[in-house]
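# Descriptive analysis of the structure
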Amino acid sequence: MAQPEHLLYTKEHEWVKLDGDIATIGITDHAQHSLGDIVYVELPKVGRHIEQFANIGVVESVKAVSDLFTPVSGEVTEVNAELDADPAAVNRDAYGAGWFIKVKMSDPAEQKKLLSAAEYERLNAE
Amino acid sequence: MSSTTTQRTALYDEHLRLGARMVPFGGFEMPVQYAGILKEHEAVRKRAGLFDLSHMGQFLLEGPDVAAWADRLTINAVSTMKPFQARYNIFCNEHGGAHDDVIFYRLADRFLLVVNAGNAQKMWGHVTAHLPNSGVTATNLHGARALIAIQGPQSLAMLAPHVDIAPADMKYYFCAEGHVDGVPALIARTGYTGEDGFELFVDGAHAAHVWRRLLADHAADGLEPCGLGARDVLRLEAGMPLYGHELTEEITPVQAGLTWALKLAKPEFLGRAALEQQLQADLYPRIVGLIMRGRAPARQGYPVFSGERQVGRICSGSPAPAVGNRSIATALVSKECAPLGSLLTVDIRGSRHEADVVALPFYKRTQ
């Protein structure tokens, strides 16, 4: 399916929505589909500083554990607590209710290292 | 798995048509899921699911001495099986570790032996290496004969109009020769899901016909094609061992809590001395059921602790929809940590998560 145009992406199938210096981060619809039923997510705590492309948690389906990487550096300002009780929200609405964390970005220039929707789609087509 | 090429079952094209995600398993390309593991799991617990198990090894054992011969290679009794009875059994090595866990089906004049897919080559070697000069012959049907399972509370009602035997009269762990949709079949009331169900052994050439007819007639009633992912959750909830997890060449049937299948009244069989000694000394690490207090899934290999001391490892783990969506697991732990109610912790990515030792199985059907 087509990726939302207003988002940026990583090769590891995360998306990021930029709003001033706040980045909202999740995994793509392609990622949730290939993982299957998501049963657990482990996310960094509010206040933690994270570095671009570092492993910051896991997403688990019934059968598998997948690492989660952050598209940007900064301080975690919010975590989607709803996912604790309802991790399946990631399957239902990967770009909406299934968001993971919000980060106050420390280096806006980092977004140059991310993929556009078209670039991400090309990657998946390979 | 020593096989270098991945084989396809007779139902490969059906799986692709149904949108299955295929993975290599036991030397075959197998469906791990179709619509999704949780949806498939629900179908089996509430209605019925259809499984392709054609990757399982099937050996035909014939000759006057099969039962006595098999009794010397396995821990459970073969000679006492009635015609058309099925029985769970385990082949052990001399140290008591499990070569494989299997099912024997006694037919009118021969036995069908069903072994795990991943062990099929090893088991064919084991069986043929132990064949006597006369009295027992073995034929390897692996890959040629298909196996379709229909499992779930509605499996009897769904299957009945397709067969020319009376499945309602068939007892659990018995079988009959008949036809499914006009195709010759061995029809067995066996399974690996914790539900009532049937397994249909048919020639590979006829498998797609049977598969399509069952789905076409009962998809509207909620029959779902189910993959290996759902099967693993179902068997774990039902407390059934999976080779490579709860049973291995190192983990014995005694450790796995399968002493009900161990017939020490048999005078001699491979592994007997080691198993009897282990049972009597009663010091061995053993398989327990765990329910995690939190939501994080425990996975195979994660270390298990009692206080600061590592006492074992996770063998299998999964979220369990039929156990209140709790995270369940089996673990091999030292004896003093095995009593029901013991509080242990599981190391998940460097942090400790509490788990309670509970009785197996986690799930028992009510109908």
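Values in this document were obtained by computation on a predicted structure and should not be read as measured data.

### Remarks on the overall build of chain B
Regarding its fold elements, chain B presents 8 helices and 20 strands. Rg of the C-alpha trace for chain B: 20 Å, near the compact-globule value of 21 Å for 367 residues, within the 12% margin. Seen through its C-alpha atoms, chain B measures out along the principal axes to roughly 60 × 50 × 40 Å. Put simply, chain B has 367 residues, and 60% of those count as buried.

### Observations regarding the overall build of chain A
Secondary structure summary: chain A contains 4 helices and 9 strands in total. For 126 residues, the compact-globule estimate of 2.2 N^0.38 gives 14 Å, and chain A sits close to it at 13 Å. Principal axes of the C-alpha set define a box for chain A whose edges measure 35 × 35 × 20 Å. Per-residue burial for chain A yields a buried fraction of 48% across its 126 residues. The long-range share in chain A, meaning contacts at least 24 apart out of those at least 6 apart in sequence, stands at 60%. Total accessible area on chain A stands at roughly 6,100 Å², and carbon and sulfur atoms take up 50% of it. Side chains of chain A give 11 positive and 22 negative charges; the mean places of these two sets differ by 3 Å.

### A short note on the side chain of Gln33(B)
Topologically, Gln33(B) is positioned in strand 3 (residues 28-33). When near neighbours in sequence (up to four residues on either side) are disregarded, Gln33(B) contacts Gly36(A), Ala20(B), Arg21(B), Glu40(B) and Gly227(B).

### What about helix 2 (residues 37-46) of chain B?
Buried residues of helix 2 of chain B: Ile37(B), Glu40(B), His41(B), Ala43(B), Val44(B) and Arg45(B), and no others. Along its buried surface, helix 2 of chain B packs onto strand 3, strand 4 (48-52), strand 10 (145-151), strand 14 (223-226) and helix 7 (228-237) of chain B.

### Quick look at the sheet that holds strand 19 (residues 343-348) of chain B
Sheet strands associate in pairs through backbone hydrogen bonding, adopting either a parallel or an antiparallel arrangement. Residue and element names in this part refer to chain B. On the basis of which strands lie adjacent, the closed barrel formed by 6 strands has the order 15-18-17-16-19-20 and antiparallel pairing. Pairs of neighbouring strands in the sheet enclose a mean axial angle of 45 degrees, with direction left out of account. Sheet topology note: the strand 19/strand 20 (residues 351-358) ladder contains 6 bridges and is antiparallel. If you follow threonine 345 over to strand 20, its bridge partner there is glutamate 354. The strands touched by helix 7 within the sheet are strand 17 (309-320) and strand 18 (326-333), with strand 17 carrying the most contacts at an inclination of about 120 degrees.

### Considerations on the pairing of strand 6 (residues 55-61) of chain A
Residue and element names in this part refer to chain A. Taking burial as the measure, the 7 residues of strand 6 include 6 buried ones, the bulk of the element. Here strand 6 runs beside strand 7 (residues 65-69); their pairing, made up of 5 bridges, is antiparallel. Residue pairing in the sheet places valine 58 in a bridge with aspartate 67 of strand 7. Connecting strand 6 to the antiparallel partner strand 7 that follows it, the hairpin turn spans 3 residues.

### A word on the pairing of strand 18 of chain B
It is a general feature of regular strands that their side chains alternate between the two faces of the sheet. All names here are of chain B. Summarising burial for strand 18: 7 of the 8 residues are buried, a large majority. Pairing of strand 15 (residues 286-292) with strand 18 involves 6 bridges; the strand directions are antiparallel. Pairing of leucine 290 across the sheet is with alanine 329, part of strand 18. With 8 bridges joining them, strand 17 and strand 18 adopt antiparallel strand pairing. Looking at the pairing, isoleucine 314 lines up with alanine 331 of strand 18. Between strand 17 and strand 18, which pair antiparallel and follow one another directly, the connecting turn spans 5 residues, one of which, glycine 324, has a positive phi of 60 degrees.

### As for the sheet that holds strand 5 (residues 49-50) of chain A
Residue and element names in this part refer to chain A. Reading across the sheet, the 6 strands line up as 1-2-3-9-8-5 and stay open at both edges, with antiparallel pairing between neighbours. Each edge of the open sheet carries a strand with a single partner, namely strand 1 (8-9) and strand 5. In this sheet, strand 3 (residues 22-27) lies alongside strand 2 (residues 14-19) in antiparallel orientation, the contact comprising 6 bridges. From the neighbouring strand, aspartate 19 faces strand 3, where its bridge partner is isoleucine 22.

### A short note on the interface of chain B and chain A
Of the residues lining the interface, 17 residues belong to chain B; the matching set on chain A comes to 18 residues. The contact between chain B and chain A buries some 1,300 Å² in all, and 50% of this surface belongs to carbon and sulfur atoms. Among the residues of chain B in contact with chain A, Arg295(B), Arg299(B) and Arg349(B) are the three that bury the most area, contributing 40% of the side total. Where chain B packs against chain A, one counts 4 salt bridges. The closest approach of N and O atoms between Glu42(A) and Arg349(B), which form a salt bridge, is 3.1 Å. Between chain B and chain A we count 11 residue pairs in polar contact (both at pLDDT 80 or more) in total. A breakdown of the residues in the side of chain B that touches chain A according to their chemical character gives 7 nonpolar, 4 polar and 6 charged.

### Here's the deal with the domain arrangement of chain B
Residue and element names in this part refer to chain B. Domain boundaries assigned for chain B yield domain 1 (7-55 + 143-237) and domain 2 (285-358). Here domain 1 and domain 2 have C-alpha centroids that lie 31 Å from each other. On the side of domain 2, 10 residues touch domain 1, which itself brings 7 residues to the contact. Where domain 1 abuts domain 2, roughly 600 Å² becomes buried across the two surfaces, and 76% of that area is made up of carbon and sulfur atoms. The interface formed by domain 1 and domain 2 includes 0 salt bridges. Inspection of the domain 1/domain 2 interface yields 2 residue pairs in polar contact (both at pLDDT 80 or more). Elements with a contribution of two residues or more to the side of domain 1 that touches domain 2: helix 2 and helix 7. Looking at the side of domain 1 that touches domain 2 element by element, the count peaks at 4 residues for helix 7. Its residues placed into classes, the side of domain 1 that touches domain 2 shows 3 nonpolar, 1 polar and 3 charged.

What counts and how
- Residues numbered from 1 in each chain as written.
- Chains lettered and ligands numbered in written order.
- Predicted model: local features only at pLDDT ≥ 70, side-chain atom pairs only at ≥ 80, totals over all residues.
- Heavy atoms only, no water.
- Helix = DSSP H or I, 4+ residues; strand = E, 2+ residues; numbered from the N terminus.
- Rg over C-alpha atoms; globule rule 2.2 N^0.38 Å.
- Buried < 20%, exposed > 50% of the residue type's maximum accessible area, 1.4 Å probe, protein only.
- Contact = heavy atoms within 4.5 Å.
- Areas by Shrake-Rupley, 256 points an atom, 1.4 Å probe, with all protein chains shown as cover.
- Lys, Arg positive; Asp, Glu negative; His and termini not counted.
- Charge placed at Lys NZ, Arg CZ, Asp CG, Glu CD.
- Pairing = 2+ DSSP bridges.
- Axes fitted to C-alpha atoms, helices over the stretch in contact; angles between N-to-C directions.
- Buried area = accessible area lost by both parts, 1.4 Å probe.
- Salt bridge = Lys/Arg side-chain N within 4 Å of Asp/Glu carboxyl O.
- Polar contact = N/O pair within 3.5 Å; in protein donor to acceptor, adjacent residues only side chain to side chain.
- Nonpolar A, V, L, I, M, F, W, Y, C, P; charged D, E, K, R; others polar.
- Domains from an automatic or database assignment.

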